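Residue strings, one per chain:
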Amino acid sequence: MNENIRILKPFFRGIPIIIMVMILSVLAAKKYLNYVTPMYESTAKLKLADVQEGVPSANLFKDFDIFASANKIATEIEVLKSSLLIDKALVELPFNKEIYRKGSVRSVELFNNSPILIDATFSSDKGLNKRYGLKVLSNNEFLFTYPDSERNIKGILGKPLKIDYGTILVRLNEEYIKSKKEVKIADDYEFEYLSQAKLMDKINKELDIVAVDKDVPVIRINLKSNIPEKASLFVNKLAEVYIRDYIEGKYKAADTTVDFLKGEITSSNEKLTKSEDNIQNFRDKKNIINLTQETETDLRKIAQLKIEKTNLKMSLDAIKELNGYIDSGKDNYLDLAANFEAFTDLLSTEMVKNMKALQAEKKDLLLTYTPENDKVKIIDSKIKDLTDYQIESIKNTEKNLQVKYNELSSQIGQAEQAFVGLPEKEKQLNILNREFNLYEKNYNFLNEKRIDAEIAKSAKIAFHKIITPGDIPASPVSPIRAIIIIVSAIMGMFGSLVLIYAVHFAKAKVNDIYTIEKNSNIPVALATPFIKNKEEIRETFLQEAMQMDLKGLVGEKNILAISSFDKSSDHRFHSLNLINSFREQGRKVLVIDATGELEVENDKEDYIDFSEAKYLSYTKSAFDNLIKEQMEDYELCVVHNQSIKKGSLSLVFMSLANQNFVVLDSRQTAEKIILKIELLKEEYNLPGMWFILNKTGYNPSIFSSLKKMYRQLTNK
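Residues numbered from 1 in each chain as written. Predicted model: local features only at pLDDT ≥ 70, side-chain atom pairs only at ≥ 80, totals over all residues. Heavy atoms only, no water.

Undergrad: Would you mind going over the packing of helix 14 (residues 534-550) against helix 15 (residues 569-584) with me for this structure?
TA: Two quantities define a packed helix pair, namely the angle between the helix axes and the distance between the axes. Contact pair helix 14 / helix 15: the axes reach a minimum separation of 9 Å and the direction vectors enclose 75 degrees. Considered as vectors, helix 14 and helix 15 are oriented roughly perpendicular to each other. Counted together, Ile 537, Arg 538, Phe 541, Leu 542, Glu 544, Ala 545 and Met 548 of helix 14 and Phe 573, His 574, Asn 577, Leu 578, Ser 581, Phe 582 and Glu 584 of helix 15 form the full contact between these two elements. Here the residues of the contact of helix 14 with helix 15 are counted per class, giving eight nonpolar, three polar and three charged. (Axes fitted to C-alpha atoms, helices over the stretch in contact; angles between N-to-C directions. Helix = DSSP H or I, 4+ residues; strand = E, 2+ residues; numbered from the N terminus. Parallel < 35°, antiparallel > 145°, perpendicular 65-115°, else oblique. Contact = heavy atoms within 4.5 Å. Nonpolar A, V, L, I, M, F, W, Y, C, P; charged D, E, K, R; others polar.)

Below, the structure written as structure tokens:
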């Protein structure tokens, strides 16, 4: 048999139970839903301010560590969860008072739907967190009851009533009564005033604040409550309080910053003025107008003087050389060939020309006159005058250049004196200027921040905004009726399946041929189906008799023993009908009955009853001899054996038989019987062991089994 079909057999058999359990589970779930308190959820979405937009983008406090923090989503979520903000929100909401209409099974909170209003003042916290009873008798009277007490205090609507630790005032809610046509006022009520701590605990249990996404600055505020209006009111109020608290915090921070900056600006201004005075005093003391320009001017002057000195030095050296040359040959001046490049006076040039002209003229006169001639002497005198003048002029020029050279050297020395102590002056001036620049930069920065702070102080707005307010939910989020009903049905189905299979495996019946083959090597000779009609019995057993013949189980003079383990009645049906089938086939059958159950069904000629007590003392050989004597005129012998478990002679007849058939009932025989029979076969060496499975494929419904059990109990 297919393994899957075998596994599903208990399921198909238990379908009625599964359906019945599922129906009961659904009915129980619906009953539960009628009494459970529904929970409603409201959600408000809050967009956080972007630091790149609006007033926060001015980065008012970015340069101060105490303000240097951007809006981080996780931080803002923790701020929203803080007890400070929740406490501020609850102070503005009427959640500290709860009024219930008391029912037989559960109490329902009324909130804004209460026909009565209760105001109370308590002198001690001992009066809080207690569920007081209130029974309205009429439009004028009521009875007040303490928790866990049967003592009633009579009160009048509209008049204060003194109670322990406080006073209460019960009055009619006229507006609500007018808005409703039919309002039941006289009823049992309960009310409770909650302490702030208990109210916050109650809110925190149902409050959930999460980010829509880790990279998206949007926060979702969720609250579950049994009153939809409460859920909506709280999430909106918390978002409102958060934004208001942010504005107040920003204003206080800006105001504090303005005061701080004003003080710092005054101090910085004083330091800046003092620094300016220090620079001015230093410049006056050191006669500094512009140190950089003055230094550059002096450097250019020194450079120019040094260039002039260098040029003058070259001219002086040249004139000295010329003077030495002329001085060494002054007696023969006209024979000298002096280089007058360093002596460029125009008069000297003209004099040299005149001397050369007089020298030429002298040469011409000497051709005519003697050197002693007056004309020649006059020319020599002229030449001598010019020569002396020329020599003296060169000497004077040398002296003049030397004086100029010395004067330039002196001027350069004086100019270089201006650079003595210059690094120190530059250092001091740089220190003073750096100090001034630092104070000036600080002063300008503080003034800019003061302006930003004053702008932030005057802009009393927040760039946090509520993008989705919390609406009053129309349907509860828990319990979800459809899911609970479906889950109840599924749980009922699985529970019944577990029970069915647990019972199935606990009973561990034979069930089918597969179970026999799995637990034993003994083959199955016949698999008899469950027969409902008597007409089918004859046909079924004739077929089984034929099958036994074809398998060679019904030989000439063979002894067939039909047995069962628990009760002989378990195999009586097979014994009787196989005997009838063999006889109908024309066989002459000897029936040996070890139980006495077949006496009525057989003729005395073909029937031997071994159920009497006297046969208990017979040996195997004695039974063997008796049976062989009776078998002389018969083709086949069928033994209707005792039960193996209780019968004293069952094993004896099984050992005498050529073929042993053990009947197993698929619905009643335990699976462990198969192994016991296997052990008996091995222990007693029983010949020709075969199994007959009765009611194969029979899978009655649970109702049929219950009906049968009922009949059995009734008969007993």
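Undergrad: Help me understand the confidence of the model for the protein chain in this model?
TA: Should pLDDT be low for a region, the predicted coordinates there are not to be read in detail. A residue-level look at the protein chain finds 87% of positions with pLDDT of 70 or above and a mean pLDDT of 82. Confidence drops under pLDDT 50 across residues 53-70; counting only partners more than four residues distant or on other chains, this segment forms 30 contacts. (pLDDT = per-residue confidence, 0-100.)

Undergrad: Mind showing me how you'd approach the packing of helix 4 (residues 83-91) against helix 6 (residues 196-206) here?
TA: Running from N to C, helix 4 and helix 6 point in directions that differ by 110 degrees, and their axes come no closer than 11 Å. Judged by the inter-axis angle, helix 4 sits roughly perpendicular to helix 6. Mapping the contact onto sequence places Ser 83, Ile 86, Asp 87, Leu 90 and Val 91 in helix 4 and Gln 196, Leu 199, Met 200, Ile 203 and Asn 204 in helix 6. Classifying every residue of the contact of helix 4 with helix 6 by side-chain character gives six nonpolar, three polar and one charged.

Undergrad: Explanation requested: the sheet that holds strand 13 (residues 465-468) in the structure shown.
TA: Across a sheet, strands are paired by hydrogen bonds formed along the backbone, either parallel or antiparallel in direction. Within the open sheet, the four strands sit side by side as 11-12-1-13. Their pairing is antiparallel. Of all the strands in the sheet, just strand 11 (207-213) and strand 13 have a single pairing partner and so form its edges. Put simply, the sheet's adjacent strands are angled 35 degrees from each other on average, direction ignored. Bridge count for strand 1 (residues 40-47) against strand 13 is three bridges, and the pairing is antiparallel. Counted as the bridge partner of Lys 45 is Thr 468 from strand 13. Running over the sheet, helix 6 touches strand 11 and strand 12 (216-225) and is turned about 35 degrees from strand 11. (Pairing = 2+ DSSP bridges.)

Undergrad: Please clarify how the nonpolar core should be interpreted in this entry.
TA: Note that soluble globular proteins tend to have their nonpolar side chains buried in a common cluster. Ranked by size, the top nonpolar core spans 30 residues in total, and within it Leu 207, Ile 221, Phe 234 and Leu 238 carry the most contacts. Every element with two or more residues in this core is listed here: strand 1, helix 3 (73-81), helix 4, helix 6, strand 11, strand 12 and helix 7 (228-286). If one sorts the elements of this core by residue count, helix 7 sits on top with seven residues. Residue contacts for Leu 238: discarding those within four places in its chain leaves Leu 80, Leu 85, Ile 86, Ala 89, Leu 207, Ile 209 and Ile 221. Among the nonpolar cores identified, the runner-up in size contains 25 residues, and Leu 553, Ile 562, Phe 582 and Tyr 607 belong to it. (Core = buried A, V, L, I, M, F, W, Y, C linked by side-chain atoms within 4.5 Å. Buried < 20%, exposed > 50% of the residue type's maximum accessible area, 1.4 Å probe, protein only.)

Undergrad: What exactly am I supposed to notice about a positive patch on the surface here?
TA: On the surface, Lys 567, Lys 645, Lys 646, Lys 672 and Lys 676 cluster together into a patch of positive charge. Secondary-structure assignment places Lys 646 in the loop between strand 18 (636-640) and helix 17 (650-656). A relative accessible area of 63% places Lys 646 in the exposed class. (Patch = residues over 30% accessible without salt bridge, like charges linked within 9 Å, V, L, I, M, F, W, Y side chains within 5 Å. Areas by Shrake-Rupley, 256 points an atom, 1.4 Å probe, with all protein chains shown as cover. Salt bridge = Lys/Arg side-chain N within 4 Å of Asp/Glu carboxyl O. Lys, Arg positive; Asp, Glu negative; His and termini not counted. Charge placed at Lys NZ, Arg CZ, Asp CG, Glu CD.)

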